[in-house]
Every structure is written in C-alpha cells, then in structure tokens.
Amino acid sequence: MWRDHLTEIIVFSALFLLVSGMGFVAARWRAPKDMAHLDEWGLGGRSFGGWITWFLVGGDLYTAYTFVAVPALMFGAGAAGFFAVPYTIVIYPLVFLVLCRLWSVSHRHGFVTPADFVRRRFDSPVLALLIAITGIVATMPYIALQLVGIEAVLKTMGVTGDSAVARHLPIIIAFAILAAYTYQSGLRAPALIAFVKDTLIYIVILVAVIYLPYKLGGWGSIFDAADAKFAASPNPNDGILLNANNQLQYVTLAFGSALALFLYPHSITGVLASRNRDVIKRNMSALPAYSLLLGLIALLGFMAIAAGVKPLPGAKEGTVDSNTVVPVLFDQQFPDWFAGVAYAAIGIGALVPAAIMSIAAANLFTRNIYKEYLKRDASPAQEANVSKITSLVVKVGAVACIVFLDPQFSIDLQLIGGVIILQTLPAVALGLYTRWFHRGALIAGWVAGMGLGMWMLYQIPNPASKRAHFGGSAFPLSEFGFDTKKTIYVGIVAVLVNLVVAALVTLALRAAKVAEGVDGTTPDDYFADEGDPRVTPGPDRDADSAREPVA
Amino acid sequence: MTAAEPETPRTASSRAKDHSPWNWLLFIPIVVPLIPVFFNADSPRLFGFPRFYWLQLVWILLGVATTTLVYQMTKKRGDH
C-alpha cells in the first residue's frame, strides 16, 4: 500500500516539482530576442556548447525506458540484454563524421528536421513526406514508453487505483506539467532539466554499483546467482554468456540499433541544437560515459536476481511486469529516502526525452507537412506556433496510448519503430555523402524495406508471452530456408533489401532517363561551420552570437 | 559564378581535413566490439566479472580513445 512508501513518495514529489519549476524558468535561460521562431523554440537557438549538448543528447538517447527495460531484459534473458553496451559503443565512431556533415548543411540552409534536408537534396516533396511520417510514427510510441518507465516507479510506490483513470492520474498530471513547460520554453526546458536528471542518475548508479555488490556478497556471487538461475530455466537462449544461435542476433541488433539511433528525429534535434562542429566531435568522445553508466545499469538486472527480487504482477492475471525489477530492487535494498531519489531519477529521466521527442515530432509536422502542404507561405512565427501546439497534441496522444491501450502495444510499436526508422538510412545518412541514388529509387527502396520488415516482424512469435506475432526482433534464418537455428535482427535484413532495391531502381530510372530534380546543396555546404554565411538566415542569430566571447 | 571564388581556398583545406587518413582509425571501435569470439567467455574473471562483461566495458575505453585521437589529429589548426 502507498502508506508504506510515504518517504519515497515525498522525496519523489519534491524533486519532481523542483524540475517542473526549472522547466518554466528555462524560457528565460539564455533568452533569445525573439522566441517566435522554430530555431529558437525547437532548437534552442542552435547555440548549445559542449556541456549542455552532452547533458541534452545524453539525457535524450539514454531514456528512462532504457534504464528500466535493459536491466529487465538482463533479468529475464541474461547476456542477450547486454547488447546495449556494444550498441552504444559503435554508434559514436559510426556517426562521428556523418553528424558533422548533417550539422553543417543544416546550419547553412536552416534545416530543422532530417526531412528538410532530404527535400532540398533530392528535390522530392514525396520522399521528404515519407521521411517525416516515418519519423513521427517511430517517435510516438517512444514517447509513450517513457510513461511506462514512470509507471513502473509509481506502481512500486503503491500509487495505484482501481479504475483506469484513477490509476493513471499521476501520469496524466505529470504529463500535463511537462506539456505546459515544453510549450512555453521549447528545447531549453529539457536542456536545463537534463542537468538535474543526469546528476541524479549518476549518483544513484554509482551508489548502487558500490553498495549493492557489498550487500550481496560481491560481483562474483552476483554473476554466479544469475548463472544458477539461467541454468535452471528451460529457455535454451538465456544464460550469462551467448550461445551459438544468438550471437548473430546480438551483433546485428547492436549494429542495426546503432545505425538507427541517430536517424531518430529526437537525436537529430539534439545534434542540430549544438553550436558548431567542434561541439559535436568532442561530444562523440564524451558521450560514451553514458554507455559505461548503461552497462552498470544493465547489471542491476543480475543484482536483482542475486537479491531474489520478485517483479510485481502485470496488468493481466498471472503475468508479471518485468519493468518493475529495478524499482523493486531499490525498494528492498536502499533506505526509503534514497529509493525516493532513485525513483525521481527515473521519473525525471522520462521527462527529458519525452520533451525532446515531442518537439522533434512537432517540428517534422510543422516543416514537412504543414509548411509543405497546408500553408506554403507560413512565417517563422506561425511555424513556431504550429509546432508548439503540435507538441501538445503529440503528448496527449502518448498519454492516451498508455491509458486506453495495453502498454504492450507501445512496446511492440517501439520494436517496429527501430526497424522502420532504419529505412530512412539511404536517403538521410547516405544522402549526406552521395546523390547517386535516384529520388524515385529511394522511395522504392523505402517501400521494399518497410514491407519486408513488417512481414518479418509479423512472423516472429514469442513463446514466453504466448503471442503469435510481433514477439521480438530476432528472426529465425530457417524461415528463409537456411538449415540453422541462428537468428538475425530484422532491421538489418530490411535495410539491406532497401539498399539493393534502391540501387537497382536507380540504374533502371537512369537508363530510362527519368528526371532527377535539382540538388539544392553544394559540396561546400557539408563543411560549413559556425560563422559561415547562411543561405537561409536565422532569427537575428548572427548579431546574438557575435556578443558571445570567442574562447 | 565569380561570387563563389573567394571561398575556394577554405573549401579545399576543409575538405582535406574531412578526408584525413586518421579517420580510418574509426573503423577499429566499430568492428572490434562486434566480434563475439573476443568476449563471449567466462574466464578470466576480473573483480568477479566474467570476461563477457568486463571486456565489453573495456571496449568503451577503446571507443573513447579512438574518437579522441581522431578529433585531436584532425582538428582545424590556427583559424579560430
């Protein structure tokens, strides 16, 4: 019952209110002359330096859901859940040069979204619309999942109710506050809150990885306890090491997820908000600090095994909600006040990415649907306004998903999200390097990759939850006729087919001499840096940035 | 057409930077963490961690060292 958790609830609420206050004040932080411009509301004036970018992008990529779901996966499946570590190692060298090019061309042309870039590069509103819709569809369930993170914490604190509305009331209130300050402060709000969130998370995890092994008899016995649990389970694919059949899945999932991460609109929003190329490059070396944190957080799953944690019951009779593993571990092992701090870290950890994601989705709608199809001559002030309102709609949609639908639906959609966002790779990431692909071929490749990806995901059952379809992202190669038990990540196969189709159709369209449109960018644009002239000027930025001292 | 000419020297130099041979080093931390043979074993244990876990955490340092080295070696010199 909630009375047993009173200290936790008080600490949680106090910290939550503190950051809400910060969210509203953020509008005045590094205040621009004119907030009524998408560059200001949606990208924080493209002015963030190294530290802010580190906190913002770190808080954006390593979400509350990650912190709850990765240890839950370790708890349930063991080594396979550790893919999050290689995933977040290979990502940074992978995008080290790519993001600099994207930043430069966006700075020069005033692009706010990846679809803006595709529109200008390939001269194709249709392709840009596909990229924008893919981004919005992939982002929406991700926002809803942040609520799953908060909900796991509330559930552990005993804040539950009988009716659907009563049970979700705290989340509805939290999201209403979030929506209000995002509306007012734009990207500045999550940027400021990220400082608090990450500081709390670092403290909690450092304490957890020192204190818990001490209480549980050392790391050796934690791993031994996990080993004993998996040895006793009937599932052949769990264990503290990988087996011959899931190694390919582990590697392709890590690599495919890395390719997908910076195609997500919210990651790109965080990157475009930085001040110059140097900030991005330095952050590619500094962001792996979060990967270390994530690796340690993942091991909380094994600590929960060693501590004998029993996850709380799920929504349906006879199921367990594995996302409560970490909150229950904290509840059992920490003093109440510190468990409250840990819960606040997770709760606030949900707000930062949720805010950035809703801003990113709103920007996509504004730039690539509203301005492209509904109101061609929209002024910057109108754009900012539409984006603010859309960010509200997006959050209402996310809350509705959680309140009225089974949360499992959001988890499924997020699984699909990774596969579909990967289908924008040829146009967005390769488009930064080459215009060799024909715009029509990129559309054909997108259709092929999307169709194959959906079909493969549909074919995957999940024996644990007794579901026939959308049971995971590990596709058995035997379905393709290979005589093996190996599995592979769906996204990798889909994007390879996407690329092959795009290449073949490019050759065909070029042979048929179909018009290719005009490239609106020049090779020089991809190396532009802070201070270089802009093709599409921003809102009085140049006067502003000149005031800053040149360090 | 002539308006673009004053920019040409800057373009040439920055493009040379983006094509620096140092960038090839970035492949090391992309490929190495994706080879399971290196880390998929229990022994030797380090502070109680099986090799699977400590070695993958060590790859984080490999990634940081490489990106830092490439950044330092390709940094634009003199013009800021």
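None of the values given here were measured: they were computed from a predicted structure.

Asks: With reference to specific residues and values, describe the overall build of chain A.
Replies: Across its full length, chain A carries 23 helices and 2 strands. Relative to the globule expectation of 24 Å for 551 residues, the C-alpha radius of gyration of chain A, 23 Å, shows essentially globular dimensions. For chain A, the spread of C-alpha atoms along the three principal axes comes to 65 × 60 × 45 Å. Taking all 551 residues of chain A together, 57% fall into the buried category.

Asks: So what's going on with the overall build of chain B? Which residues, and what values?
Replies: Helix and strand content of chain B: 4 helices and 0 strands. Tracing chain B from N to C terminus, the helices and strands come up as α-α-α-α. Considering chain B as a whole, with its 80 residues, one finds that 20% of them fall into the buried category. The long-range fraction of contacts in chain B, counting pairs at least 24 apart against all pairs at least 6 apart in sequence, stands at 59%.

Asks: Could you give an account of the packing of helix α8 (residues 125-156) of chain A against helix α16 (residues 325-333) of chain A, with specific residues and numbers?
Replies: All names here are of chain A. One can describe the packing of α8 onto α16 by two numbers: an axis separation of 8 Å at closest approach and a directional angle of 35°. As for the relative orientation of α8 and α16, their crossing is right-handed in sense. Contacts from A152, V153 and T156 of α8 reach α16 at P327, V328 and D331.

Asks: Which residues make up unusual backbone geometry, and what are the values?
Replies: A cis geometry characterises the amide bond from B:S43 onward to B:P44, with omega recorded as -5°. One non-glycine residue, A:R46, adopts positive backbone phi at about 45°. For A:R46, the location among the structural elements is in the loop between α2 (38-41) and α3 (50-61). A tally of 23 C-beta atoms within 10 Å means that A:R46 is categorised as buried. Its identity as a non-glycine residue notwithstanding, A:D123 has a phi of 55°, on the positive side. As for its placement among the helices and strands, A:D123 is situated in the loop between α7 (114-122) and α8.

Asks: Explain the confidence of the model for chain A residue by residue, including any values.
Replies: Residues and elements named next belong to chain A. On average, residues of chain A score 84 in pLDDT, and 94% of them are at 70 or above. The least confident element of chain A, judged by mean pLDDT, is helix α23 (residues 541-547) at 40; the most confident is helix α22 (residues 490-511) at 92. Counted against residues more than four places away or in other chains, residues 540-551, with its pLDDT under 50, gives 5 contacts.

Asks: Describe the interface of chain B and chain A, with residues and values.
Replies: Taken together, the 33 residues of chain B in the interface contact 33 residues of chain A. Those elements giving two or more residues to the side of chain B that touches chain A turn out to be α1 (8-18), α2 (27-31) and α4 (51-74) of chain B. In terms of residue count, the dominant contributor to the side of chain B that touches chain A is α4(B) (13 residues). Residues that form the side of chain B that touches chain A fall into these classes: 18 nonpolar, 10 polar and 5 charged.

Asks: Can you tell me about the UniProt feature "transmembrane region" (unreviewed entry) in chain B, naming the residues and giving the values?
Replies: Residue and element names in this part refer to chain B. In the numbering adopted here, UniProt assigns the feature "transmembrane region" (unreviewed entry) to residues 21-41 and 53-71. With 43% helix and 0% strand, residues 21-41 has end C-alpha atoms that lie 34 Å from one another. Annotated as 100% helix and 0% strand, the span residues 53-71 places its first and last C-alpha atoms 28 Å apart.

Asks: An account of helix α11 (residues 219-232) of chain A is needed here, citing residue identities and associated values.
Replies: All names here are of chain A. Between its first and last C-alpha, α11 extends 20 Å over 14 residues, near the 20 Å set by a 1.5 Å rise per residue. Among all positions in α11, only W219, I222, F223 and A226 are buried. Looking straight down α11, one finds that the buried residues subtend no more than 95° of arc, so they occupy a single side. Opposite the buried face of α11, by more than 90 degrees, sit the exposed residues A231 and A232. On its buried side, α11 packs onto α10 (188-216) and α15 (288-306).

Asks: Give a description of the environment of B:L34 that names residues and reports values.
Replies: Take B:L34: it is sitting in the loop between α2 and α3 (36-39). You can call B:L34 partly exposed: it has 19 C-beta atoms within 10 Å. Note: C-alpha distance between B:L34 and B:Q56 (22 residues apart in sequence) is 9.8 Å. In this view, B:L34 contacts A:P86, A:V90, A:V251, A:A254 and A:F255; residues no more than four positions away in its chain are not counted.

Reading the values: the criteria
Residues numbered from 1 in each chain as written. Chains lettered and ligands numbered in written order. Predicted model: local features only at pLDDT ≥ 70, side-chain atom pairs only at ≥ 80, totals over all residues. Helix = DSSP H or I, 4+ residues; strand = E, 2+ residues; numbered from the N terminus. Rg over C-alpha atoms; globule rule 2.2 N^0.38 Å. Buried ≥ 20, exposed ≤ 12 C-beta atoms within 10 Å, placed from the backbone. Contact = placed C-beta atoms within 7 Å. Axes fitted to C-alpha atoms, helices over the stretch in contact; angles between N-to-C directions. Left-handed = near helix turned anticlockwise from the far one by under 90°. pLDDT = per-residue confidence, 0-100. Nonpolar A, V, L, I, M, F, W, Y, C, P; charged D, E, K, R; others polar. UniProt positions renumbered as here; feature names shortened; annotations may be inferred. Expected span 1.5 Å × (residues − 1). Arc of directions from axis to C-beta.

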